[in-house]
Structures are given as structure tokens and as C-alpha cells.
Amino acid sequence: MVKLAEWRGKEIFRKYGVPLPKGHVVRSPSEVAAALQSAGIPLPCVVKAQVLAGGRGKGGAVRFASTVAEAEAATQAILGLEFKGEVVREVLLEEKLPIAKELYVSLTLDRSRRLPLAMASAQGGVEVETVDESAIVRVHVDPFPGLLGYQKRQLIAALGVTGPVARSVDSLLDLLWKIFEEEDAELVEINPLAVVGDRVVALDAKVIIEDDASFRHPEFADVKDDRTPLEEIAREKEIAFVQLDGNIGVIANGAGLTMATLDVLAEFGGKPGVFLDLGGTDDPKKVTEAFLLMAQAKPKAVFLNIFGGVTRCDTVATGLVEAMRQVPPDAKFPLVARIRGNNEAEGVAILRAAGVTSLSDLKESVQAVVAAAGGPA
Amino acid sequence: MVKLAEWRGKEIFRKYGVPLPKGHVVRSPSEVAAALQSAGIPLPCVVKAQVLAGGRGKGGAVRFASTVAEAEAATQAILGLEFKGEVVREVLLEEKLPIAKELYVSLTLDRSRRLPLAMASAQGGVEVETVDESAIVRVHVDPFPGLLGYQKRQLIAALGVTGPVARSVDSLLDLLWKIFEEEDAELVEINPLAVVGDRVVALDAKVIIEDDASFRHPEFADVKDDRTPLEEIAREKEIAFVQLDGNIGVIANGAGLTMATLDVLAEFGGKPGVFLDLGGTDDPKKVTEAFLLMAQAKPKAVFLNIFGGVTRCDTVATGLVEAMRQVPPDAKFPLVARIRGNNEAEGVAILRAAGVTSLSDLKESVQAVVAAAGGPA
Amino acid sequence: MSVLVDAETKVLVQGITGHQGTVHTRNMRAFGAQVVAGATPGKGGQSVEGVPVFNSVEEAVRNTGANATCIFVPAPFAKDAFLESVDAGIRLAVIVTEHIPFHDMLTMYHYGRSKGARIIGPNCPGIAAPGKSKVGIIPNVVFRPGRVGVVSRSGTLTYEIVNGIKERGLGQSTCLGLGGDPVVGTSFVDALPLFEKDPDTDLVVLVGEIGGTAEEDAAEFIGHHFTKPVVAYVAGRSAPPGKRMGHAGAIIARGKGTAESKLTALQAVGAHVAKFPYEIPALVEQYLPKPSGR
Amino acid sequence: MSVLVDAETKVLVQGITGHQGTVHTRNMRAFGAQVVAGATPGKGGQSVEGVPVFNSVEEAVRNTGANATCIFVPAPFAKDAFLESVDAGIRLAVIVTEHIPFHDMLTMYHYGRSKGARIIGPNCPGIAAPGKSKVGIIPNVVFRPGRVGVVSRSGTLTYEIVNGIKERGLGQSTCLGLGGDPVVGTSFVDALPLFEKDPDTDLVVLVGEIGGTAEEDAAEFIGHHFTKPVVAYVAGRSAPPGKRMGHAGAIIARGKGTAESKLTALQAVGAHVAKFPYEIPALVEQYLPKPSGR
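Keep in mind it's a predicted model, so treat the numbers as computed, not measured.

Student: Help me understand the interface of chain B and chain C, please; the structure alone is not making it clear to me.
Tutor: Every contact between the two is made by 54 residues of chain B and, on the other side, 61 residues of chain C. Summing the contributions of chain B and of chain C, the shared interface buries around 4,400 Å²; its carbon and sulfur component is 57%. The largest share of the area that chain B buries against chain C comes from Arg111(B), Arg114(B) and Phe307(B), three residues that together contribute 19% of it. Seen at the junction of chain B and chain C, the total is 8 salt bridges.

Here it is in C-alpha cells:
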């Protein structure tokens, strides 16, 4: 997922012509005065922390300022704040508009129907999950003809707007559809979409670009998202690596097997700290990279669960032993391995010769690694 | 049809990024020097008459100039020329490129298959109709996924190019497809597409925009095409009106009936001079407009052939009599009318009372109008 | 039996509140068609000629069971109107609207096809099966129930031909006006199999025009798969090349689409070709199979 | 009998000249699959593992009668490769490639569907029917012919489960690995009817994951239309919300797609739910119908 911060989502909106409040992003209070002037933002203005989490309004991460000095002070107060785990590094200064009504619109994917899904609700400004189902209209869009006029009429009816406001929503919906398709978005959400006079304006922007489409969107290569620094490195190395809040590292091949391993671990009192899916790789260099990355996460113990299908267990074992050798002395961790499948006996022999605990029963292996990490939580 | 002159087609090409020679259009020799300079066109250059007909090369409508003075002279010589019925009013000055090979590519519509059709041939630079079928590759493109990679490979294979030239064609084909779709084109043709060094350049541009899509393309509203002035007026009034080379005007309702009437007329020695299809209209104002337009074409006689289906013949007859009254005295023409269908007797009575020859047999009516125009040719 | 429609067909009129929509709703009902609903966005709740109007096709279908639509919506909105009808489950659309861009029609045709929806038209007079139903605008007065099928690219010319068949004392099973646009939802080749398997049709009159290769394609089909007698006429024998003769599709382009080519192809497969439209009724009478023992 | 493939299936490998393509061509042949052709643009005329390579799918189909394809083409070109196979008339594609953008998959799925072409995958291990054929990358060693159907969103986990079934002395009819992407060509709901009507399958093992509602949809289908015993397992019970767990599709988003919701739904319709993968073989043995009188 490439989750874009509000200001960056709005940059895309601006490119496509979505109506927006005047705004400018700043990274220090000293930029505020110039930003207000260059973007022509009138006072009073809004000062918004650029974090990915929702609920900023209630969390003090959105403030109002009537003077330049107040805007500077608000920026100062917000920058560096930690909001739901994210540190605020950017602040968006924006025109404060006279809002008549707050609406909700979004485009996302319906996996079951394999169709883009447009949603609209007259109850904007709150998290859509809290809105009653009956107040949300859902319209599936076929990618071939795209978003159709009659579908836009259904969405507009849900918003309860008419006349020029409805026409403004109609154009907006075309733009959202275009953004969803052309930017390879997973989600394009405007919440709230504000009625201001006889038109609508996107007060917020939530845009998630699909990770797998990043080869078509080099412009988002620098987006850090809400990944941890280690997750960021893993992403660059194309290793599926997720940091969790426990202390046991789990390395397995295949997402399903890795998840299943975590489940068993949790059942026996272990706390997974890292999810590392080696995938279908049998490249010893990649295995070594994965181990070094795991070492950086400083796990108390690591459980390796490999099923050798096409790959042979002895090849995997040889790679593992080499990888373990490369982990720096101060980052060594106890390892419990379970390798099964093709040439299993040879593989196990190699591991045991290198002093690695190697068991074939999943329950037993998990109990061993939980013990190595200091016992069940 | 909105047939665009070469320079105008190339303006579209430029907008989409199709590689072109440097060029500039001029409308008088006095503009030549400045045009060469502002567009950076090096000498020697090409001077091309902007007419819609093909075969300009052989017809002296394309010349070469080594100096500014020669370019001015060539422009002077070409402007005002009559080329296959068109008077040259615009001249395109263009960079002369070192051409290694001339290719052909186009996108058009296959009516039977209801699919866009891409064509490519290594034999460019001549009219595609004269190229042997075996030297042309045709690929049907589904509008949903659009032009696909494997289809481009087929087209490129037909052109016989490889390496960087092939890659240059690959990008070009994507652009042509985009133009075809986004500009609502009936035809996008590049002939010749020249191989220049390691890339291809569009030496000519033939773009026809679909008439019915003109509501989406106000930018082409001023294109005069190869319509006669009267046809142009008719188009603005949304009357189907075609000038032919005979002296009898034919007014009918419905394209099929109008064509059938012309066929019968031709069979009995008449020479149709105007094809006017009233369409489904029963609006007396439109009928009057059609008559006044017909009068301007100065026919020797006019044949009106109406089948009243939904419309009643008496209503039509009343409208006709009124329309005939409005034709200026110096433009009056003998009229033979055949109105059939709904309330036929009443309609015929009204016409006869107004002195209009009204017959019910098609053959007889046609013979009467041929006689009125001075007898069979 | 008849082709595509019958007495059970429940017709929706999209654009019913416009002038044409209203007039032809009246005419269709006078012909005996069950017009059950109209649809015009924003006009839901009204009624036209006694027919209830809905805001959306989905509502109209849900409330009335409409299973065919007749579209009078202006060209810029016709694509949307048709796609709405497909998404609402309607599988037969007569599109009367003219001047729909062919790029729109490509989308409509291929999307419709992927969902099993058939289009007649656009820019067409539609379907009439005397004594059963009518979806479209062919004048009621020209018909008389009978055993002659008519399939045509023309409008008014078809009315005159159908009328001529009636005046000869014969009648029609179904008349299909396919429209004169370059891209039509149903071509001769798509329509002929329907007439072939219709037990109430004994002969088919095919009315073509210059432009495209629909008649040549039809000839090929007739040669291989059509067993009933065909009387054919092609308009535009005297039309010059490169000029659009009223219909967007009626143009001889790059030497293709001449009347001569079409007539030759049809004649070669045994169609009885009329040189002029007024010759058609006599040919129909001549080749219409006589009822055996009736 | 088996599901989707049988001994007559003629397999094309798109991307055969790449490392994966070559390795798995060898493995598929070793499993007994008829791999008849490869396709890689510009590599026509070569041969890989004794299999002739063509420049285009159309050529491959014309020359070898290939009727299924296994696609290893890199993600940016996978859409094109699949659409080429559809246009060449192939109606079954196993797409092994991972990281295909879902917007591309939407095009592939809907275009394929309009032409009657089925996709297994993407990012999937494919289809294996022991003793018959294999299209994909599931390791040969885990199989033994038998009467257990396996359908799964996972890869390696499936291999381990299939292997466990073998080690229990049982065998498989067909194993379908559907892939872990958000948009898959064939979901549980699409696959279950194939197993229902396969006379060689007596029980189905369903291996799910967190994310989406494919398992809930499957439960609804099982409740209404599936008569054979189902053993189900869902991976990711301990996964935190908002994190993608390796597979693009494995994410609990906005409270949707939890293992709990899936397990509850499956249990409610009578599926025998395994808490851990190692419990599956015993459940399979317990619920697999015993051969009557054999």
C-alpha cells in the first residue's frame, strides 16, 4: 500500500481538477507566513497535521488560526506531536470555508464482485464505518464502460443534493473515477466533501495507490507510508516483512504457511515479533538478506518453518547455515528450525551438524522456540 | 465527416506527442520567412499544399525549396492553385528529413465486425488501395482492453522494422490508438510514416473526426472540410443536403427513400443536382428552410417524394405550399410532388389546389420532373 | 410466433416525456404493444399516455417487469441510457435516436453483447409484428398481419415498401428496421437467422443501401444458411462515391460499398433482386410460397 | 474425471524461456502433463525441455492445439500475455505471476469472462490432478491419486497440507491453488461447483486466509449448494488488523476479513474446521466417505 498523506492526495486531486480549498504544506513554523501568502490563503485558516490516521479533529491535530502568528504557533504546536504512533513532520495550511453540509464519497474495490465500488453518504465528516448501512449507497462500476450517468444519479440521490450542487458532484465523480483508474488507486475517499455555496469542495483526501502498480508510478517512490524503517528496507529488498509487537521472529516460505505458523505460535503462548515470508525464493543471497534483516529486529528467538516442495531441503539448509554465520555476533539469536519436504533427512542432518535445533513436529518446534524466548507470555 | 487538413491533423499529433518534422502553416508568401524562423525549419525545406485530396506529390502540390526565396516562390505558386476541385488556401512548410524507408499505418472502423481496425504495411508512400493485400496486416482492436502488446508486435512485424525503430513504432501505435479513441476519429492514417535514423516520423497526417461526435469536439467547429458552401449552410441547419452534378433537385424523407428516388430519376434520364433528405421532420419551419436552400442551388426542376407514415400527408402538403410561397420569385422552380401514405387524398387535393403537379406513381412523377427540367439527358 | 417481440413483450420507453417518446408511446399502444413503463430521470411519478414514468430503469423493471426498451434519449445521453437498461436486466433495446457517435456504439455493442443484450438500431425505425407488438416508430397504418418478413437499413423507404406489400393484399410477419448507421447492433447477418427459424415467415424482403458490406455479408449467409426465398433491393445505385447520402453509414468509401457489388452478391445466391422499390410487391407475390391445402 | 484439467489437456507455457518457465515445464512434464508449446515473443523456433517455442500464442495454438496456458510472464506484461491467450482461443489460464496490479486483473477477469475464459490465479500455484495433468507449480512429490479435493488461497501451506494427506495414506483428486491476491480469477465460490460435480472427489479441503470475504461467500455457497463433506482451515487468526500478511489479499481492513468471521461462517454450514493445519489429515480421514463395497 502506498498511503498518501492528505496534502499529497490533494496534489493528485489538483492535477485532475477536483475543487479544493486553497492550501500549502509546510515543514516548519518559519515557512507559514510565506506559504499563506504564496497560496493566497485568507485568514482565519486551518492548520492540519499530516498523519495517515483518522480522527485528527478530536485528537487536537487540526487547529484554527485567525492571524499569521496564530498559524505559526499552531504549526509549532503540531509539528513533532505523536499522533496514534506517527510523528507529525508536515502541516497543511488551508483556507477555512463556510461549510453548509458535509458529505462522503469514495471509490474502492469489491473483491468478491471483482468490481470497483463507489460509495456515497449524506453523513460525511465522521468515519464511514460508524455510519448506518442504510445511509450509504453502494454502486458497482464496470471497468469497461466506467462510471455511468445513471450510477452518478444514484450516488447524488444518496447525498441529497440537487441543482448546481448536484452538477458539481456529477463532475467530481467523473474525476474520482479517472483518478481511481489512472493512478491505480486502491482507495480514493473524500470525507468530508463539503457543500460550499453552490458547489462541493474536497476538504480531505485519502488516496491509497496500489503497491503492485508502483512500476507505473515512479512519482510515489519516495512515499514512506506508515511502514517502520525495517519494513521500508524490506520493501526495497522485496521481502514480505511485517513488524508485530512480540519478541519471536518467524521466517517461513509462503504467506499462508507464515500466517499458520504465527497462529500456532500464539496458541502456545509465543508473541510473534516479525512476520517474514521468504516466498518462493531459493536464492541463498535472498535468504541471507532475510536473516540479516531479522537480526536487526532483535528478536529473542527465531522460528524457521520451511516446506521444501520444488526446492530441496538440503539446499535450503546449506543456505541457512551460511546465513546464520553472517549474522553479526552481537545480533545472534537462538534459532529453531523445522524443514520438511524434498530431501528432508539430508537437510536436517546439515542443520544439526551446524548446531541448529531442528524438529519436524510443528507443535514441538513452536514449544521449543517459545521456551528459547523465555517461556510463554 | 470532419476531414482535417494535414497541418491540422498534425496539430493533434503534436498534442499527443507523435514525432513530426518541424513545420509551420502559412497563408501568404509574406509569412514564409518568419514561419521558417519561428518553427526552426532548416533549409532545404518542403512546401506542401493543404488540400484534402491524395496524390499531391504527382500533382505539383508538393515542392522543395533550398532558400527562403525559393520557399516564398513555391508558396506563391501553390496558393490559389486548384487541385482536384479544391483551391489551395494554406501551405505547410516543413523540415526535409533524410528518409530511410516509407511505411504505412492507420486506424479505422470495421463496420461488419464492429471493431476498430489497425492496418500496417511496409509499402508506405503510395495510396494503400494500390498496395497488394498480402503486403497489408490487419488487426482488429477490442475497445475494452484497447490495442494490446501482441497486436502491436503483429503490426511491427508487418512493417519489417526491428530494434529502436520498432520501439519507436510501438510508442507511436499507442498514441494513434489514444487519438482514435479520444478524438472520436473515423480515420487516423500516417502515410508515409518515415524511418529517419533510429525512429519513425509522421510525414503526413490524415485525420477524420466523426461528425456525430462533434458535440464533444467544439474545437473543430470551424473546419470547412470539402463541403460546398450550400452544404455547409445545410450542415449548420442539420439538413442532409448533398450537391451532385445534375440539374434536378430531389427532396424526400428518409435517406433510403431519397437514394431510391435518385436511382429512379437516373434510370429515366434525369440528372440529380441535389440530394435533400428531410428526415423524420414534420416541422413546417424546417420544410421551408429546406425549400429555400434548394432554391439557392438553382435546380431546373425539383421532385418531392414523401411517404407520410406517422406524419399526415395533408399537414405535409400545407407546409409545402407555404414553403413554395416563400421561395423568392427569381428562384422559383417547377415542382413535381408525390406524397403518399396517411391522409393522402387530402394532401394531394391541397397541392393541386396550389397548382403543384401531384402524381402518385413514382415512374410517372419522375418522367414528369425530367420533362420539366428539359427532357432526358 | 414472430421475431424478437410478441404479444407478451413488456415495453419500457426511455425518454418517454419528450415529444417523440410521447407520440410513439401512443402509437405503440394503438398498435397493440404493451407499453408498461417510461423512464426519464427526475420525472418519476408522472404518467404519459397513461403509462407510469420512473426515475430509473431499475425502478421501472422492478415495478412493471419491462423486458424490452425503446430509446428516444438524445444522442449525447443515449449510451448511458442503453447501458442503464442492460444493467437493469433488459435484453432487447430498440434505439431510435440518431447521430450517436460510433465510438459510443462500439462500447454499447460490446458491453451489451457481453451481457447477452441485443440492440436494434441506432437511428432505426425498430420492430413491428402486426397483431402482436411494436417497439419503435414504424407507422401503424402500413401493416397487415401476414407471412412476409421485412428487414431493412432504411426508414421511410421501408414504410413505403411495407405499405406496397399491404396494398398488394399481402401481409407481414415481422418488420425489422436495422438503421442506417455505420455500427448497428443487429445487422442483416444477425437478423436473417431469426427469420429463418420463425415459422410465421415464408419469405424475406431485404432492403439494403450503399456503404459497408452488410449486404455482401448477408449474401454469404443466405448462400450457406438461409432456405426461404429472398426479395432484395439496394438503394443508392446512382450515388457518387465519397458522399454521405443522408445516413451516416451510406457512403461509398475507397471503392467499397457500391450498390453494384451488393446486388451482384445477392443475385449470385439466388435472391430475387428488384431494380426499383415499386417492383418489390410483385416479386413478393411471385415468390411467396403458396399455402398448401389451406 | 478431475477438475478443469485431464490427461488430454494440452498445455502452453507463456514465458517458457525464463528460469521459472523452464523449471516448471520440466516438472509439469515429469508429473505427466502434456506440455505442447511455449511462447515468448522473439524466441520462436527455439525449444525448451524439448517443447517447441513460438513467437505468439496464436502460432502456438495453430501448430499444437494447446488448450490451456500457464503464464510465468513478469507482472508488467502479464495482462497482455493473458489477453493474447484469450484472443487466440484458449479458455483456461493458470497465472503464476505475482504482483499483477489489481486494476490489470479487473480488465483480465472481465474481458476473459466475456469470452468464456477462466483464470486460476494470479499469484497462485495452479492446478494438479495426480495421474492426469498439472498446470502450475505445485511440487510433484506431495501428490498421490485419491478422492480428496483441495482448494486453497495459499501456496506452500497447501503443499504441506496435501503432503500431510498423502502421509496419512490418502490421495487427492484435484488440487486447486487459487492465489492470494485481492482479485482472483476463480474464487472458492467458483471452484466448489466444479468439485461438487466431479465424481472423483468425495471430500473437499478448503484452505482460506484472512482478508476479503471469499470464505464467507464460500460458506454461503456450501450451505445452499454443496453436498460433500468439507474440511476447512483459515490461516491468520493471530494477524493484527491493517497489516498485509505477505499476500496482497491477506489484510484485515476496516474490521472486515478476520479469521474469526470466516471460521464462524464455515462452521455454521457444517464444515469441519481445523484449528491448525496439522489437524487437517485426521479430519479428512474421519469425514472422507468410505468406499462402499469396494
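Student: When you look at the sheet that holds strand E7 (residues 118–120) of chain C in this model, what are you seeing that I'm missing?
Tutor: Where strands meet in a sheet, backbone hydrogen bonds hold them as pairs that are either parallel or antiparallel. All names here are of chain C. With mixed pairing, the 7 strands of this open sheet are ordered in space as E3-E4-E2-E1-E5-E6-E7. The sheet terminates laterally at strand E3 (47–48) and E7, the two strands that pair on one side only. Alignment of strand E5 (residues 68–71) against strand E6 (residues 92–95), held across 3 bridges, turns out to be parallel. The residue bridging Ile-71 from the neighbouring strand is Ile-95, located in E6. Those strands touched by helix H1 (residues 19–31) are strand E1 (10–14), strand E2 (34–39), E3, strand E4 (51–54) and E5, and its axis lies near 165° from that of E1.

Student: Would you take a moment to explain helix H1 (residues 19–31) of chain D for this structure?
Tutor: Side chains three or four residues apart in an α-helix point the same way, a direct result of the helix having 3.6 residues per turn. Helix length check: H1(D), at 13 residues, gives a terminal C-alpha distance of 19 Å against a target of 18 Å (1.5 Å per residue), a fit within 8%. Restricting attention to buried positions, one finds in H1(D) the residues Gly21(D), Thr22(D), Val23(D), His24(D), Thr25(D), Asn27(D), Met28(D) and Phe31(D).

Student: Any chance you could explain the pairing of strand E8 (residues 101–110) of chain B here in plain terms?
Tutor: Within a regular strand, the side chains alternate between the two sheet faces. Residues and elements named next belong to chain B. With 8 of 10 residues buried, E8 lies mostly within the body of the structure. Inspection of the sheet shows E8 paired to strand E9 (residues 115–121) by 7 bridges, in the antiparallel sense. Paired with Tyr-104 across the strands is Ser-121, a residue of E9. Taken together, E8 and the strand that follows it, E9, pair antiparallel across an intervening segment of 4 residues, in which Arg-114 is found at a positive phi of about 50°.

Student: Just checking my understanding: could you explain empty space enclosed by the protein for this structure?
Tutor: Regions of empty space are outlined by a rolling probe, equal in size to a water molecule, passed over the atoms. All names here are of chain A. Under the defined criterion, the tally for this structure stands at 1 cavity of 30 Å³ or more. One number sums up the size of the largest cavity: a volume of about 30 Å³. Val-105, Ser-106, Leu-107, Ala-118, Met-119, Leu-147, Leu-155, Leu-173 and Leu-176 are the residues that line the largest cavity. Among the elements that make up the lining of the largest cavity, the one with the highest residue count is strand E8 (residues 101–110) (3 residues). In terms of residue class, the lining of the largest cavity is made up of 8 nonpolar, 1 polar and no charged.

Student: In this structure, what is going on with the state of the cysteines? I would like to understand it.
Tutor: Two cysteines, two sulfur atoms, one covalent bond between them: this is a disulfide. Following the criterion strictly, the structure yields 0 disulfides over all chains and no others. Here Cys313(B) is not disulfide-linked; the sulfur of Cys175(C) is the nearest cysteine sulfur, at 19 Å. Relative accessible area serves as the criterion here: at 1%, Cys313(B) is assigned to the buried category.

Student: Honestly, the domain arrangement of chain A in this entry has me stumped. Any pointers?
Tutor: Reports often express the size of an interface as the amount of accessible area lost when the parts come together. Each domain of chain A was delimited in the assignment, giving domain 1 (22–95), domain 2 (101–220) and domain 3 (229–372). Distance from the C-alpha centre of domain 1 of chain A to the C-alpha centre of domain 2 of chain A: 26 Å.

Student: I keep staring at the pairing of E9(B) and nothing clicks. Help me out?
Tutor: Residue and element names in this part refer to chain B. E9 sits mainly inside the fold: 7 of its 7 residues count as buried. Sheet topology note: the E9/strand E10 (residues 136–140) ladder contains 5 bridges and is antiparallel. Bridged to Leu-117 within E10 is His-140.

Student: Explain the interface of chain B and chain D to me, please; I cannot follow it from the model alone.
Tutor: At the junction of the two partners, chain B supplies 8 residues and chain D supplies 9 residues. Carbon and sulfur atoms supply 62% of the area buried between chain B and chain D, which totals about 810 Å² over both sides. Looking only at chain B, the three residues that lose the most surface to chain D are Phe144(B), Tyr150(B) and Arg153(B), adding up to 57% of its buried area. Where chain B touches chain D, the interface holds 2 salt bridges.

Student: Teacher, can you tell me more about a negative patch on the surface here?
Tutor: A cluster of like negative charges, contributed by Glu181(A), Glu182(A), Glu181(B) and Glu182(B), occupies part of the molecular surface. With respect to the helices and strands, the residue Glu181(B) is situated in helix H5 (residues 163–182). On the basis of relative accessible area, Glu181(B) is assigned to the partly exposed category, the value being 32%.

Student: What should I look at first to understand the nonpolar core in this one?
Tutor: Generally speaking, a soluble globular protein has its nonpolar side chains buried in company with each other. In terms of nonpolar packing, the biggest core is built from 130 residues, with Phe13(A), Phe13(B), Phe82(C) and Phe82(D) touching the most fellow members. Ignoring anything within four residues of it in the chain, the contact list for Phe82(C) reads Ile71(C), Ala93(C), Ile95(C), Met108(C), Gly112(C), Ala117(C) and Ile119(C). Core analysis: the next-biggest nonpolar cluster, separate from the first, contains 99 residues, Phe303(A), Val35(D), Ala68(D) and Val204(D) among them.

Student: Please explain the pattern of salt bridges as it appears in this structure.
Tutor: A pair can form between side chains of opposite charge whenever their charged atoms are brought close. All names here are of chain A. What the rule picks out here adds up to 74 salt bridges over all chains. Measuring nitrogen to oxygen at the nearest pair gives 2.5 Å for the salt bridge that ties Lys-10 to Glu-94. Taken together, the residues span a long stretch of sequence, with Lys-10 in helix H1 (residues 6–16) and Glu-94 in strand E7 (residues 91–95) at a distance of 84 residues. Across this residue pair, the class does not change: Lys-10 and Glu-94 are buried. A salt bridge links Arg-325 to Glu-322; the nearest nitrogen and oxygen atoms lie 3.2 Å apart. Here Arg-325 pairs with Glu-322, and both are found in helix H9 (residues 313–326), just 3 residues apart, close to one helical turn. Three or more residues are tied together by salt bridges with common partners; here these are Glu-6, Lys-10, Lys-48, Arg-56, Glu-94 and Asp-204.

Student: Before we go on, may I ask you to explain the packing of helix H6 (residues 188–196) of chain D against helix H7 (residues 214–225) of chain D in this structure?
Tutor: Residue and element names in this part refer to chain D. Packing of H6 against H7 brings their axes to within 9 Å, and their N-to-C directions diverge by 35°. Where H6 crosses over H7, the handedness of that crossing is right-handed. In contact with Phe-188, Val-189, Leu-192, Pro-193 and Glu-196 of H6, H7 contributes Ala-214, Glu-215, Asp-217, Ala-218, Phe-221, Ile-222 and His-225. Split by residue class, the contact of H6 with H7 holds 8 nonpolar, 1 polar and 3 charged.

Student: Please clarify how the environment of Ala266(B) should be interpreted in this entry.
Tutor: Residue and element names in this part refer to chain B. Tracing the backbone through its elements, the reader meets Ala-266 in helix H7 (residues 255–267). Classification of Ala-266 as partly exposed rests on a relative accessible area of 34%. For the pair formed by Ala-266 and Thr-288, sequence separation is 22 residues and the distance between their alpha carbons is 26 Å.

Student: Quick question: what am I supposed to make of a positive patch on the surface here?
Tutor: A surface patch of positive charge is lined by Arg113(A), Arg91(C), Lys115(C) and Arg113(D). For Arg91(C), the location among the structural elements is in the loop between helix H3 (75–87) and E6. Among the residues examined, Arg91(C) registers a relative accessible area of 33% and is labelled partly exposed.

Student: Help me understand the domain arrangement of chain C, please; the structure alone is not making it clear to me.
Tutor: Residue and element names in this part refer to chain C. With domains assigned, chain C is organised as domain 1 (10–120) and domain 2 (139–287). Each of domain 1 and domain 2 has a C-alpha centre, and these two points are 26 Å apart. At the interface, 11 residues of domain 1 touch 12 residues of domain 2. Carbon and sulfur atoms supply 61% of the area buried between domain 1 and domain 2, which totals about 960 Å² over both sides. The largest contributions to the domain 1 side of the interface with domain 2 come from Phe-31, Arg-118 and Ile-120, which together make up 48% of the buried area. Inspection of the domain 1/domain 2 interface yields 0 salt bridges. There are 3 residue pairs in polar contact (both at pLDDT 80 or more) connecting domain 1 and domain 2. Per element, the largest residue contribution to the side of domain 1 that touches domain 2 is 4 residues, and it comes from helix H4 (residues 102–114). Tallied by class, residues from the side of domain 1 that touches domain 2 come to 9 nonpolar, 1 polar and 1 charged.

Student: I tried to follow the packing of aromatic side chains on my own but got confused; where do I start?
Tutor: Aromatic rings considered in pairs are described by the distance between their centres and by the relative angle of their planes. Per the counting criterion, the structure on display carries 13 aromatic pairs over all chains. Members of the aromatic cluster, each reached through a chain of ring pairs, are Phe144(A), Phe144(B), Tyr111(C) and Tyr111(D). Positioned above the aromatic ring of Trp7(B), the side-chain terminus of Arg27(B) is 5.3 Å from the ring centre. Sitting above the plane of the Phe31(C) ring, Lys134(C) keeps its charged end 5.6 Å from the centroid.

How each quantity is defined
- Residues numbered from 1 in each chain as written.
- Chains lettered and ligands numbered in written order.
- Predicted model: local features only at pLDDT ≥ 70, side-chain atom pairs only at ≥ 80, totals over all residues.
- Heavy atoms only, no water.
- Contact = heavy atoms within 4.5 Å.
- Buried area = accessible area lost by both parts, 1.4 Å probe.
- Salt bridge = Lys/Arg side-chain N within 4 Å of Asp/Glu carboxyl O.
- Pairing = 2+ DSSP bridges.
- Helix = DSSP H or I, 4+ residues; strand = E, 2+ residues; numbered from the N terminus.
- Axes fitted to C-alpha atoms, helices over the stretch in contact; angles between N-to-C directions.
- Expected span 1.5 Å × (residues − 1).
- Buried < 20%, exposed > 50% of the residue type's maximum accessible area, 1.4 Å probe, protein only.
- 1 Å grid on protein atoms, 1.4 Å probe; cavity = no way out; pocket = protein on both sides within 12 Å on 5 of 7 lines; lining within 4 Å.
- Points joined across faces, edges and corners; volume = space filled by probe spheres on them.
- Nonpolar A, V, L, I, M, F, W, Y, C, P; charged D, E, K, R; others polar.
- Disulfide = S-S within 2.5 Å.
- Domains from an automatic or database assignment.
- Patch = residues over 30% accessible without salt bridge, like charges linked within 9 Å, V, L, I, M, F, W, Y side chains within 5 Å.
- Areas by Shrake-Rupley, 256 points an atom, 1.4 Å probe, with all protein chains shown as cover.
- Lys, Arg positive; Asp, Glu negative; His and termini not counted.
- Charge placed at Lys NZ, Arg CZ, Asp CG, Glu CD.
- Core = buried A, V, L, I, M, F, W, Y, C linked by side-chain atoms within 4.5 Å.
- Left-handed = near helix turned anticlockwise from the far one by under 90°.
- Polar contact = N/O pair within 3.5 Å; in protein donor to acceptor, adjacent residues only side chain to side chain.
- Phe/Tyr/Trp six-rings, centres within 6.5 Å; stacked < 30°, edge-to-face > 60°.
- Lys NZ or Arg CZ within 6 Å of the ring centre and 35° of its normal.

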